[in-house]
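Each chain, written out:
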Amino acid sequence: MVEANREALQQMPFPPGLAEYVDELVKSGQTEQIIALMKMSFLIGIQQGARSHETPAPPPNRIQA
């Protein structure tokens, strides 16, 4: 997955201080926090993917008198 998206990942900017924050989590052994961050990003990706594949709903039927 990383290899298939390497170019897009390299172009994506990170918020300032994110690398240092993750590095500190790794060094301090906060595995649960790292896994939570990964799960959140995975869920956001799933939502974005689902949103891009939505089919528009047909217009409602009109009632004429």
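Worth saying up front: this structure is predicted, and the values here are computed from it rather than measured.

Peer 1: Help me out: how do you make sense of the overall build of the chain in this one?
Peer 2: In terms of regular secondary structure, the chain is built from 3 helices and 0 strands. For the chain, the α and β elements follow one another from N to C terminus as α-α-α. The buried share of the chain, taken over its 65 residues, is 2%. As displayed, the chain offers around 6600 Å² of accessible surface, 61% of which is attributable to carbon and sulfur atoms. When the 5 positive and 7 negative side-chain charges of the chain are each reduced to one mean point, those points stand 11 Å apart.

Peer 1: What exactly am I supposed to notice about the environment of proline 16 here?
Peer 2: Mapped onto the elements of the fold, proline 16 is located in the loop between helix 1 (6–11) and helix 2 (18–27). With relative accessibility at 84%, the residue proline 16 sits in the exposed group. Considered as a pair, proline 16 and valine 26 are 10 residues apart in the sequence and their alpha carbons are 18 Å apart.

Peer 1: How should a nonpolar patch on the surface be read in this particular structure?
Peer 2: Side chains of Val2, Leu9, Met12 and Phe14 sit close together on the surface and give an oily, nonpolar patch of about 410 Å² of accessible area. Structurally, phenylalanine 14 can be placed in the loop between helix 1 and helix 2. A relative accessible area of 57% places phenylalanine 14 in the exposed class.

About the cut-offs
Residue positions are given per chain, counted from 1 along the sequence in the order it is written. Local features in this predicted model are restricted to residues whose pLDDT is 70 or higher, and side-chain atom pairs enter the listing and the counts only when it is 80 or higher, whereas totals over whole chains, interfaces and linings include all residues. As a rule here, side-chain values come from all non-hydrogen atoms in the structure, and water together with hydrogens is ignored. Secondary structure is summarised from DSSP: a helix means a run of H or I of at least four residues, a strand means a run of E of at least two, and numbering begins at the N terminus for each. Residue burial is assigned from relative accessible area. The probe radius is 1.4 Å, only protein chains are included, and a residue is buried under 20% of its type maximum, exposed over 50%, and partly exposed in between. Note that accessible areas follow from Shrake-Rupley with a 1.4 Å probe, and for residues the cover is restricted to the protein chains shown. His residues and chain termini do not enter the charge count, which takes Lys and Arg as positive and Asp and Glu as negative. Every charge is mapped to an atom, namely NZ of Lys, CZ of Arg, CG of Asp or CD of Glu. Distance thresholds for patches are 9 Å for like charges and 5 Å for nonpolar side chains (Val, Leu, Ile, Met, Phe, Trp, Tyr), applied to residues having over 30% relative accessible area and no salt bridge. Any carboxyl oxygen of Asp or Glu that lies within 4 Å of a side-chain nitrogen of Lys or Arg is treated as forming a salt bridge with it.

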